[in-house]
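As a plain string of letters, each chain reads:
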Amino acid sequence: QVQLVESGGGLVQAGGSLRLSCAASGSIFSINAMGWYRQAPGKQRELVAAITSGGSTNYADSVKGRFTISRDNAKNTVYLQMNSLKPDDTAVYYCNADIYYSALVRGDYWGQGTQVTVSS
């Protein structure tokens with residue numbers, strides 16, 4: 001079994017920073033793309049940022065220039081550095097990973113979510 005465990009959420013004032021971490025553990029052969037999604041109350045879950053195993057990144061327009069995604073392949077961990085936070089960034093943030101747990105079998109995994117609240 002594979003687990004994704006997130007950490008680093010919390011309450012911060014507008015303009016502040018937070019760093020989210022997500023560690024994958026279990027029977028992992030390799031990890032392809034990893035990413036962060038968020039879901040605000042009453043809204044659909046949306047992609048915030050994604051990173052391939054080779055380090056290519058993709059960001060939502062709303063976070064470009066403020067958020068940075070990175071990963072440590074040796075630790076099976078993905079990070080999201082969030083700077084210049086705005087109240088509109090308030091949401092539950094979910095980690096996602098495309099994981100091979102054998103050479104041929106893959107699955108799409110989600111973390112449990114971590115709350116980020118930005119006060120004005």
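Given the structure is predicted, the values throughout are model-derived calculations rather than measurements.

A look at the side chain of threonine 77
With respect to the element layout, threonine 77 can be found in strand 8 (residues 77–82). The class for threonine 77 is buried, based on a relative accessible area of 7%. One polar contact links the side chain of threonine 77 to the main-chain carbonyl oxygen of lysine 75, over a distance of 2.8 Å. With residues near it in sequence (within four places) discarded, threonine 77 still touches Cys22, Ala23, Met34, Ser70, Arg71 and Asp72.

Examining the nonpolar core
What tends to happen in soluble globular proteins is that the nonpolar side chains get buried as a cluster. Among the nonpolar cores identified, the biggest contains 31 residues, and Trp36, Leu80, Met82 and Tyr93 are the most heavily contacted of them. If you list the elements that add at least two residues to this core, you get strand 1 (2–7), strand 3 (18–26), strand 4 (30–39), strand 5 (46–51), strand 7 (67–72), strand 8, strand 9 (91–100) and strand 11 (114–119). It is strand 9 that provides the largest number of residues to this core, a total of five residues.

Structural notes on unusual backbone geometry
Of note, asparagine 76 is a non-glycine position whose phi angle comes to about 50°, a positive value. Note on placement: asparagine 76 falls in the loop between strand 7 and strand 8. One non-glycine residue with positive phi stands out, namely serine 84, at about 50°. By the element assignment, serine 84 lies in the loop between strand 8 and strand 9. Serine 84 gets classed as partly exposed once you look at its relative accessible area, which sits at 40%.

Some thoughts on the pairing of strand 9
Counting buried residues in strand 9 gives nine out of 10 residues, a clear majority hidden from the surface. Bridging between strand 4 and strand 9 involves eight bridges; their strand directions are antiparallel. Bridged to tyrosine 37 within strand 9 is tyrosine 94. The pairing of strand 9 with strand 11 spans three bridges and is antiparallel. Among the inter-strand pairings, valine 92 is bridged to a residue of strand 11, identified as glutamine 115. Of the strand pairs in this sheet, strand 9 and strand 10 (residues 106–110) are connected by five bridges, and their pairing is antiparallel. By the bridge assignment, alanine 97 is partnered in strand 10 with tyrosine 109.

What counts and how
- Residues numbered from 1 in each chain as written.
- Predicted model: local features only at pLDDT ≥ 70, side-chain atom pairs only at ≥ 80, totals over all residues.
- Heavy atoms only, no water.
- Helix = DSSP H or I, 4+ residues; strand = E, 2+ residues; numbered from the N terminus.
- Buried < 20%, exposed > 50% of the residue type's maximum accessible area, 1.4 Å probe, protein only.
- Polar contact = N/O pair within 3.5 Å; in protein donor to acceptor, adjacent residues only side chain to side chain.
- Contact = heavy atoms within 4.5 Å.
- Core = buried A, V, L, I, M, F, W, Y, C linked by side-chain atoms within 4.5 Å.
- Pairing = 2+ DSSP bridges.

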